Amino acid sequence: MLLVGSGGREHALAWKLAQSTALTELHCAPGNPGIARHGHCHPVRGEDAEGLLGLARELAVDLVVVGPEAPLVEGVGDALRKSGVAVFGPSRAAAAIEGSKSFAKDILRAAGVPAAPVLSVARPPCVIKADGLAAGKGVFVCRTQEELDAALPAAAALGQALVIEELLEGTEVSVFALCDGANTIALPSAQDFKRAYDGDEGPNTGGMGSYSPAPDIDVNELVDSIHRPVLAELARRDSPFVGILFAGLILTEDGPRVLEFNCRFGDPETQSLLPRLEGNFLDALAAAAAGDASGVELPAGDEPAVTLVLAAGDYPASGDSGSPISGIDAAEASGALVFHAGTALRDDRLVTNGGRILDVTALGATIAAARERAYDAAALISFAGARYRTDIAKEAAAVV
Ligand code: AMP
Ligand code: GLY
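Everything numeric here is computed off the predicted structure, so don't read it as measured data.

Asker: Help me understand the site of ligand 1, please; the structure alone is not making it clear to me.
Answerer: By nearness alone, 15 residues border ligand 1, and Lys 129, Glu 166, Leu 168, Glu 172 and Glu 260 come closest of all. One of the side-chain N or O atoms of Lys 194 is found 3.1 Å from an oxygen atom in ligand 1. Protein chains shield 93% of the accessible area of ligand 1, which is 470 Å² for the free molecule. For the shell around ligand 1, the elements supplying multiple residues, two or more each, are strand 6 (126-130), strand 7 (139-142), strand 8 (162-166) and strand 16 (255-262). Tallied by class, the residues present in the shell around ligand 1 amount to seven nonpolar, one polar and seven charged.

Asker: Would you take a moment to explain the sheet that holds strand 6 for this structure?
Answerer: In sheet architecture, strand pairing relies on hydrogen bonds along the backbone and comes in two forms, parallel and antiparallel. Here we have three strands laid out as an open sheet, ordered 7-6-8, and antiparallel in their pairing. Every interior strand has two partners, whereas the edge strands, strand 7 and strand 8, have only one. Shown here is a sheet whose adjacent strand axes are inclined to one another by a mean of 20 degrees, direction ignored. Sheet topology places strand 6 next to strand 8; five bridges connect them, and they run antiparallel. Each residue of the ladder has a partner; that of Val 127, found in strand 8, is Glu 165.

Asker: Can you walk me through unusual backbone geometry in this structure?
Answerer: Excluding glycine, residues mostly carry a negative phi; peptide bonds, for their part, are mostly trans. Cis geometry is found at the peptide bond from Ala 29 to Pro 30, where omega equals -10 degrees. With respect to the element layout, Pro 30 can be found in strand 2 (residues 27-30). With omega at 10 degrees, the peptide bond leading from Tyr 315 into Pro 316 counts as cis. By the element assignment, Pro 316 lies in the loop between strand 17 (305-311) and strand 18 (320-324). The residue Asp 348 is not glycine, and still its phi comes out positive at about 70 degrees. Topologically, Asp 348 is positioned in the loop between strand 20 (343-346) and strand 21 (349-354).

Asker: So what exactly am I meant to see when it comes to empty space enclosed by the protein here?
Answerer: Using the criterion set out here, one finds two cavities of 30 Å³ or more in the structure. Empty space within the largest cavity amounts to approximately 100 Å³. Secondary structure elements with two or more residues in the lining of the largest cavity: helix 5 (92-99), helix 6 (101-111) and strand 16. A breakdown of the residues in the lining of the largest cavity according to their chemical character gives seven nonpolar, one polar and six charged. The calculated volume of the second largest cavity comes to roughly 40 Å³. Among the residues making up the lining of the second largest cavity, the classes are represented as seven nonpolar, two polar and one charged. Inspection of the lining of the second largest cavity shows a minimum of three residues originating in each of domain 1 (2-88) and domain 3 (169-289).

Asker: What's the story with the pattern of salt bridges in this structure? I'm lost.
Answerer: Oppositely charged side chains can pair when the atoms bearing their charge come close. Going through the model one piece at a time under the given rule, you end up with 19 salt bridges. Across the pair Asp 267 and Arg 356 runs a salt bridge whose closest N-O atoms are separated by 3.8 Å. You can see Asp 267 sitting in the loop between strand 16 and helix 9 (269-273) and its partner Arg 356 sitting in strand 22 (residues 356-363), a full 89 residues away along the chain. Overlapping salt bridges bring together Asp 106, Arg 109, Glu 233, Arg 236 and Arg 237 as one network.

Asker: When you look at the packing of aromatic side chains in this model, what are you seeing that I'm missing?
Answerer: The geometry of two aromatic rings is summed up by the distance between their centres and the angle between their planes. One pass over the full model with this rule turns up five aromatic pairs. Here the aromatic rings of Phe 176 and Phe 246 are separated by 4.5 Å at their centres, their planes lie at 50 degrees, and the arrangement is tilted. Pair noted here: Phe 176 is in strand 9 (residues 171-180) and Phe 246 is in strand 15 (residues 242-252), with a separation of 70 residues, a long-range link. A ring pair is formed by Phe 265 and Phe 281, whose centres lie 6.1 Å apart and whose planes are at 55 degrees; its orientation type is tilted. Here the residue Phe 265 occupies a position in the loop between strand 16 and helix 9, and Phe 281 occupies one in helix 10 (residues 281-289), the gap between them amounting to 16 residues. Accessibility classification places Phe 265 together with Phe 281 in one group, the buried group.

Asker: Any chance you could explain the site of ligand 2 here in plain terms?
Answerer: Near ligand 2 the following residues occur: Asp 192, Gly 206, Phe 246, Asn 262, Arg 264, Gly 266, Asp 267, Pro 268 and Glu 269. Contacts to ligand 2 include Asp 192, whose side-chain N or O atom sits 2.6 Å from a nitrogen atom. Within the side chain of Arg 264, one N or O atom sits 2.7 Å away from an oxygen atom of ligand 2. Its residues placed into classes, the shell around ligand 2 shows two nonpolar, three polar and four charged.

Asker: Where do I start with the environment of Leu 249 in this structure?
Answerer: With respect to the secondary-structure elements, Leu 249 resides in strand 15. Using a relative accessible area of 1% as the deciding quantity, one classes Leu 249 as buried. Considered as a pair, Leu 249 and Gly 170 are 79 residues apart in the sequence and their alpha carbons are 9.3 Å apart. In this view, Leu 249 contacts Thr 171, Glu 172, Val 173, Val 175, Leu 222, Ile 226, Arg 257, Val 258 and Leu 259; residues no more than four positions away in its chain are not counted.

Conventions we followed
- Residues numbered from 1 in each chain as written.
- Chains lettered and ligands numbered in written order.
- Predicted model: local features only at pLDDT ≥ 70, side-chain atom pairs only at ≥ 80, totals over all residues.
- Heavy atoms only, no water.
- Near = heavy atom within 4 Å.
- Polar contact = N/O pair within 3.5 Å; in protein donor to acceptor, adjacent residues only side chain to side chain.
- Areas by Shrake-Rupley, 256 points an atom, 1.4 Å probe, with all protein chains shown as cover.
- Helix = DSSP H or I, 4+ residues; strand = E, 2+ residues; numbered from the N terminus.
- Nonpolar A, V, L, I, M, F, W, Y, C, P; charged D, E, K, R; others polar.
- Pairing = 2+ DSSP bridges.
- Axes fitted to C-alpha atoms, helices over the stretch in contact; angles between N-to-C directions.
- 1 Å grid on protein atoms, 1.4 Å probe; cavity = no way out; pocket = protein on both sides within 12 Å on 5 of 7 lines; lining within 4 Å.
- Points joined across faces, edges and corners; volume = space filled by probe spheres on them.
- Domains from an automatic or database assignment.
- Salt bridge = Lys/Arg side-chain N within 4 Å of Asp/Glu carboxyl O.
- Phe/Tyr/Trp six-rings, centres within 6.5 Å; stacked < 30°, edge-to-face > 60°.
- Buried < 20%, exposed > 50% of the residue type's maximum accessible area, 1.4 Å probe, protein only.
- Contact = heavy atoms within 4.5 Å.

Structure (C-alpha cells):
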C-alpha cells in the first residue's frame, strides 16, 4: 500500500499500519526519516497527483491512504480512484467539507446539525475565519476590539473570503468517524491544544499536544447526531464521503456545536488515538476504501494516551531547519513513542525541518501516568530552540 504525507500523523499511521500482519509492503510519498523505519519512502509530493498516480501504477499498490487535507481538497483521491486504485480519503467534492467553510456551513444547515452561528458584522466578541485551507492558522478569536482590529488585516492578508462567527464558550473535543460513504464507525475521542503557549495563550497553531480519550463524552452518540446526518447529506449530493470525517466540536451549555469539519485524521490527535486502537486497522481502512466498512470494529484499549509536540522555537511564525536532534533513542527506551513531524536527514544526521518537529506519545494507566511518561521522555530530547507546552492534559490529569 501507499501512504501519502510526511508529518507526525503520517508517522503514526505508518507505525500502526506496519503492525498489521496483512501488510505486504508499505510505500510512502514523500514520508520522513521516522516513516522510513516502517516503509519505503519515495520523493513524490502529496499534491503531485500525476506523480502519485505513476507511483501507484509502478508499485501496483492495492490501497492508497492519504494523510493530509491539501491533496484531498485538490482532488488527488479522484485521480487515483479513476485509475482503479482503492483510496482511503474523500473525493474533491466531499473534501470541500474542510476546504470551504461556507460549503461546510451549507451542508450543516441542510443536515440540521448545529454549528457556530454566522454573524453579518464583525463586532467583538466574534471569530474571524478564512474560508479556505490555512493549516490551522486562518482562525482569529477576537474578544476585544483591539484583537479584532489586528485580526481583520491579518485574515485579509490570507487572500480568501472571510466568515464571521459567534464566539462560543465550552470544552473543545475532536470526534472522528471512519466512513465508507454510507456507514460510520466512531473512533476514540481526543482533545488537542491549538494555542501556541501554556494557558491557551498565543496564536493558533496546527496543534501543540493532545490526549485521548476526552472525558465525559459519548462518541457514538455524537457520531450519530453529527457525522451521520452530514454523511447522508453528502451522499444525497452525490459526494459520498470515504475516509475520516473529523468534527471539531465545542460543548456549549446549549449542547455540542460544530466549529469545523476536517476530511482526514487530526494532527496531533492521531498520535494519541492510534496507539489506543485495537482491531485490525489496515483491514478497516481497506474495507472503507472498498465501500463497505459495516463489519469493522475498532475498539479502544483502556489506557489513555498523551502526546506532546516538540516545536521549533519560533513556531508558528516560522520553522527551523538543519539543527541537529538528539535524545530520541533515550526517549524511546523510556517506553514512549516518538513520531517524526518535521525532520530530515542531512549527512546521515537527523536535523530539524519544519515547525512541528517531533511528537512524543505515551500510554499509561491514567492520564496522569501517561502525561508524566510523555514529559519525562520529551525532556530527554534536544535540538536548538526546542519548545513544548508544559500544560498538555494537565487539567484532565488532575481529575481522578
Ligand atoms: P477551526 O479551525 O475552525 O476549528 O478553529 C480553530 C480554533 O479556533 C478552534 O479549535 C477554537 O479554539 C477556535 N474557534 C473557532 N471557531 C470558534 C467559535 N465560533 N467560538 C469559539 N472558538 C472558536
Ligand atoms: N489538530 C487539529 C487538526 O488536525 O486540524
